[in-house]
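Next come the chains, spelled out residue by residue.
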Amino acid sequence: MIRLFYFAGLRELTGVAEEKAALAGQTVEGLWQWAEAKYPGIRNGSVRVAVNEEYALANDILQDGDTVAFIPPVSGG
Amino acid sequence: MKAFEVTAEPINPQAYADYVLRPEAGAVTVFTGHVREWTKGVRTLYLAYEAYVPMAEKKLAEIGREIEDRWEGTRVAIAHRIGELQIGDIAVAIAVSSPHRRVAYEANEYAIERIKEMVPIWKKEIWEDGEEWIGDQKKKPEGEQR
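Bear in mind that the values here come from a model prediction, so they are computed numbers and not experimental data. (Residues numbered from 1 in each chain as written. Chains lettered and ligands numbered in written order. Predicted model: local features only at pLDDT ≥ 70, side-chain atom pairs only at ≥ 80, totals over all residues. Heavy atoms only, no water.)

## Considering the packing of aromatic side chains
Then step 1. Inspection of every chain in the model, using the stated rule, returns eight aromatic pairs over all chains.
Then step 2. Ring centres 5.2 Å apart and planes at 0° place the aromatic pair Tyr 6 of chain A and Phe 70 of chain A in the stacked group. Placement of Tyr 6 of chain A in strand β1 (residues 2–6) and of Phe 70 of chain A in strand β5 (residues 67–71) is noted, with a sequence separation of 64 residues between them.
Then step 3. Ring centres 5.0 Å apart and planes at 15° place the aromatic pair Phe 7 of chain A and Trp 122 of chain B in the stacked group. Of this pair, Phe 7 of chain A sits in the loop between β1 and α1 (8–14) while Trp 122 of chain B is found in strand β8 (residues 121–127), placing the two residues in two different chains.
Then step 4. Ring pairs connect the aromatic residues Phe 5 and Phe 7 of chain A together with Tyr 52 and Trp 122 of chain B, which therefore count as one cluster.
Then step 5. One cation-aromatic arrangement involves Arg 48 of chain A over Tyr 55 of chain A; the distance from NZ or CZ to the ring centre is 4.3 Å. (Phe/Tyr/Trp six-rings, centres within 6.5 Å; stacked < 30°, edge-to-face > 60°. Helix = DSSP H or I, 4+ residues; strand = E, 2+ residues; numbered from the N terminus. Lys NZ or Arg CZ within 6 Å of the ring centre and 35° of its normal.)

## With respect to the packing of helix α2 (residues 53–70) of chain B against helix α3 (residues 101–118) of chain B
All names here are of chain B.
Then step 1. Look at α2 against α3: their axes get within 10 Å of each other, and the N-to-C directions meet at 145°. Handedness of the crossing formed by α2 with α3: right-handed. Facing α2, whose interface residues are Lys 59, Leu 60, Glu 62, Ile 63, Glu 66, Ile 67 and Arg 70, α3 presents Ala 107, Tyr 110, Ala 111, Arg 114, Ile 115 and Met 118.
Then step 2. Within the contact of α2 with α3, the residues separate by chemical class into eight nonpolar, no polar and five charged. (Axes fitted to C-alpha atoms, helices over the stretch in contact; angles between N-to-C directions. Left-handed = near helix turned anticlockwise from the far one by under 90°. Contact = heavy atoms within 4.5 Å. Nonpolar A, V, L, I, M, F, W, Y, C, P; charged D, E, K, R; others polar.)

Structure below.
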């Protein structure tokens, strides 16, 4: 299983802060397609995905036990 | 304290200045970013910050390493607060020490620019008539152009 986190405006869009999903073996691109089907609008071009606390690329592959975070545009400082 | 931390407690900037001070340092710059009441004519009541804490702390440390690699002899500490912050509160503190002042200023500004680019921390502004996650274009108050 993959653990998924949603932050800030994305948590409000999805209605959940975190969940688990059977996405092991999928690419980050596959993850995006799954997420957009479940939560239309999440894939808006400015949201980044982090896998195990590092920004990920579209062809990175998810492994069982990975932690994924959807990172909307940051606004710290 | 940790040299790179996200904390729900009020930030004491002196702790970070003390951390970076060394005998070789002729200069220490300390930047503190504060909650501002007025932004483009809109009055903020308070701010709420949230972070993906473990990743944010890793990214703050990465910024510290970038600085120490780019400017020899520097030492860096950064703290960012999360939770509800009131007007005037310190949201972020960045301390940089360096043998000479010019680098201490430059590297300190570099740190805040990098924080705004890549550290997973989000700010929500709460106004009298609405609220908005900054960086997110949804939930504008009626007729407001921001």
